[in-house]
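# What the coordinates show
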Amino acid sequence: MYRESERPRCPFCEKPFGRPPEVNPKLEGDFYTWPCSCGAVGAYDATGHNLGDALMEAIAFAFDDDLEKALAAEPEKDYEVRYIDCYHLRDHRVSEGSRTYKTGLAAFVFVKLKTTEPIH
Ligand SMILES: [Zn+2]
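What this report covers is the structure whose coordinates are included nearby. (Residues numbered from 1 in each chain as written. Predicted model: local features only at pLDDT ≥ 70, side-chain atom pairs only at ≥ 80, totals over all residues. Heavy atoms only, no water.)

### Remarks on the overall build of the chain
In plain terms, the rule: Secondary structure elements follow DSSP: runs of H or I of four or more residues count as helices, runs of E of two or more count as strands, with numbering from the N terminus. The cut-offs for exposure are 20% and 50% of the maximum accessible area for each residue type, with area from a 1.4 Å probe on protein chains only; residues under the lower value are buried, those over the upper are exposed, and the others partly exposed. Residue contacts are defined here by distance: any two heavy atoms, one from each residue, within 4.5 Å place the two residues in contact.
Helix and strand counts for the chain come out as three helices and five strands. Overall, the chain shows an N-to-C arrangement of helices and strands of β-β-α-α-β-β-α-β. By the burial criterion, 43% of the 120 residues in the chain qualify as buried. Sequence separation of 24 or more characterises 59% of the internal contacts of the chain that already satisfy a separation of 6 or more.

Here's what the structure looks like:
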């Protein structure tokens, strides 16, 4: 067992998420994206170094594949971005305190549109 803090969670709502399906990292632009129940969109980068592309996928997904809107959107203003580094697929675990680019592990990027922010 791993520590509770190492459990992969949505960085926006802390909801744990399941193991992503196998993605062939050799296929460029092939990211697994899924919506979280809080309105955030997660994208899985199996290689850990295509996060820029994974981010674009997540943004496009968040805007319902409306690329025009997605490209016009501005970070911080229209959406928020959060990353999860150092994901171990085999153990479905996130190691703390290290960075993906040094380890070759997988990573996630999450996007949440500001407009879908729940009203408190
Ligand atoms: Zn969430």
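### Some points on a negative patch on the surface
Selection rule: Candidate patch residues must exceed 30% relative accessible area and have no salt bridge, after which like charges are joined if within 9 Å and Val, Leu, Ile, Met, Phe, Trp or Tyr side chains if within 5 Å. The protein chains shown are the only cover counted for residues, whose accessible areas, like all others here, come from Shrake-Rupley with a 1.4 Å probe. For salt bridges, the criterion is a side-chain nitrogen of Lys or Arg within 4 Å of an Asp or Glu carboxyl oxygen. A positive count includes Lys and Arg, and a negative count includes Asp and Glu. His and the chain ends are not counted in either. A charge is said to be at NZ when it belongs to Lys, at CZ for Arg, at CG for Asp and at CD for Glu.
On the surface, Asp-30, Asp-53, Glu-57, Asp-64 and Asp-65 cluster together to form a negatively charged patch. As for its position among the elements, Asp-53 is in helix 1 (residues 51-62).

### Regarding the side chain of Thr-33
Relative to the elements of secondary structure, Thr-33 occurs in strand 1 (residues 32-35). If we skip the residues at most four places from it in the chain, Thr-33 touches Gly-42, Ala-43, Glu-57, Ala-58 and Phe-61.

### So, the sheet that holds strand 1
Note the following rule: Here, any two strands with at least 2 DSSP bridges between them count as paired. Between the N-to-C directions of two axes lies an angle of 0 to 180 degrees, each axis being a line fitted to C-alpha atoms and, for a helix, fitted only over the stretch in contact.
Spatially, the five strands line up as an open sheet ordered 1-2-5-3-4, and their pairing is antiparallel. The open sheet has two edge strands with one neighbour each: strand 1 and strand 4 (93-94). Here strand 1 pairs with strand 2 (residues 41-45) via four bridges, running antiparallel. Residue pairing across strands places Pro-35 opposite Val-41, the latter belonging to strand 2. Of the strands in this sheet, strand 1, strand 2, strand 3 (79-88) and strand 5 (106-113) are in contact with helix 1, which crosses strand 5 at around 35°.

### Some details on unusual backbone geometry
Unusually for a residue other than glycine, Asp-64 sits at a positive phi of about 55°. With respect to the helices and strands, Asp-64 occurs in the loop between helix 1 and helix 2 (67-72). In this model, Cys-86 sits at a positive phi of 55°, which is unusual for a non-glycine residue. On the accessibility criterion, Cys-86 (0% relative accessible area) is buried.

### What about the pattern of salt bridges?
Evaluated as defined, the whole model comprises six salt bridges. Its salt-bridge partner being Glu-6, residue Arg-3 comes within 3.6 Å of it at the nearest N-O pair. A residue is classified by how much of its surface remains accessible, and Arg-3, at 52% relative accessible area, is exposed. Assessed through its relative accessible area of 8%, Glu-6 is described here as buried. A salt bridge links Arg-9 to Glu-4; the shortest N-O distance between them is 2.6 Å. Accessibility expressed as a relative area gives 46% for Glu-4, which makes it partly exposed.

### So, the coordination of the zinc ion
Cut-off, in case you're wondering: The donor set comprises N, O and S atoms within 2.8 Å of the metal, extended to 3.2 Å for Na, K and Ca; water molecules are omitted, so apparent gaps in a site may simply reflect that omission. In this scheme the shape depends on donor count and angles: four donors with every angle between 85 and 135 degrees give tetrahedral, four or six donors with opposite pairs above 155 degrees and others between 65 and 115 give square planar or octahedral in turn, and any other case is irregular.
On the protein side, the zinc ion has Cys-10 (SG), Cys-13 (SG), Cys-36 (SG) and Cys-38 (SG) as donor atoms, found 2.2 to 2.3 Å from it. Around the zinc ion sit four donor atoms; with metal-centred angles ranging over 103 to 115°, the donor geometry is tetrahedral. Spacing between the donor residues of the zinc ion along their common chain follows C-x2-C-x22-C-x1-C.

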